[in-house]
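Fold and contact review
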Amino acid sequence: MSTPTPAPASAQTSAQAPAQAPVQPPSAQMPEGRISSGGPWEDRYGYARAVVAGPHVLVSGCTATVGGEVQHVGDAYRQTLTAFSIALDAVEKAGTTRADVVRTRMFVVNADDFDAVGKAHGEIFGDVRPACTSVQIAGLVDHRMLVEVEVEAYRAVRGGGG
């Protein structure tokens, strides 16, 4: 059984809420389909940076690769910040925000980097507190990559009753 997310402190209860304009259908609130970052691997390997499915935004694994080049070689903290920046760009293109992120995953090559990776995650999501999984892996496709991240966002579609 899941517990609903509490409404923000500024939200009014339905008994107090003034009449609101009709809620737009889901397709008007969030784009449906696939979102591309323009990265070379998306076309080559047949995937999208993110997929929007109803209220869900699923972001593919992101590394600190920008313009085909691995950034911040040897620095897991800065690679994590860059990878999450790429993922959050896709979240925003999908019509959601950092506050809508409900799950993150971090795949870390070196166990010694978990603290640096966790610190970067905390700086980005400390007030959001998504479900989070961190896993040590044997390696990534480029030996200079120290971390890969995934993000999932969710925004409930309001209205429609039922």
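Here's a quick rundown of the structure. (Residues numbered from 1 in each chain as written. Predicted model: local features only at pLDDT ≥ 70, side-chain atom pairs only at ≥ 80, totals over all residues. Heavy atoms only, no water.)

So, on to the pairing of strand β3 (residues 56–62). Here strand β2 (residues 50–53) runs beside β3; their pairing, made up of four bridges, is antiparallel. Looking at β3, one finds that Val-52 is bridged to Val-57. With five bridges connecting them, β3 and strand β8 (residues 147–154) associate as antiparallel partners. Looking at β8, one finds that Val-57 is bridged to Ala-153. (Pairing = 2+ DSSP bridges. Helix = DSSP H or I, 4+ residues; strand = E, 2+ residues; numbered from the N terminus.)

Right, let's get into the nonpolar core. By size, the foremost hydrophobic cluster in this structure holds 26 residues, and its most contacted members are Val-57, Val-59, Phe-84, Phe-125, Val-149 and Val-151. In terms of residue count, the dominant contributor to this core is helix α3 (residues 76–93) (seven residues). Setting aside its immediate chain neighbours within four residues, Phe-125 contacts Phe-84, Leu-88, Arg-98, Val-101, Thr-104 and Pro-130. (Core = buried A, V, L, I, M, F, W, Y, C linked by side-chain atoms within 4.5 Å. Buried < 20%, exposed > 50% of the residue type's maximum accessible area, 1.4 Å probe, protein only. Contact = heavy atoms within 4.5 Å.)

A separate point is the side chain of His-121. Checked against the element boundaries, His-121 lands in helix α4 (residues 114–125). Leaving out residues up to four positions away in the same chain, His-121 has contacts with Phe-84, Thr-104, Met-106, Gly-126, Pro-130 and Cys-132.

Its 18 residues place the ends of α3 26 Å apart at the C-alpha level, agreeing with the 26 Å of an ideal helix rising 1.5 Å per residue. By the burial criterion, the buried members of α3 are Ala-76, Gln-79, Thr-80, Thr-82, Ala-83, Phe-84, Ala-87, Leu-88, Ala-90 and Val-91. The N-capping residue of α3, defined by a side-chain oxygen 3.2 Å from the backbone nitrogen of Tyr-77, is Asp-75. Positive phi shows up at Gly-95, right after α3, with a value of about 90°. (Expected span 1.5 Å × (residues − 1). Polar contact = N/O pair within 3.5 Å; in protein donor to acceptor, adjacent residues only side chain to side chain.)

Side chains of β2 alternate between two faces, with Ala-50 and Val-52 buried and Val-51 and Ala-53 left unburied. In the sheet, strand β1 (residues 33–35) pairs with β2 via three bridges, with the strands oriented antiparallel. Counterpart to Arg-34 in the pairing with β2 is Val-51. What sits between β2 and β3 in their antiparallel hairpin is a turn of two residues, with Gly-54 showing a positive phi close to 60°.

Keep in mind these values describe shape, not function.
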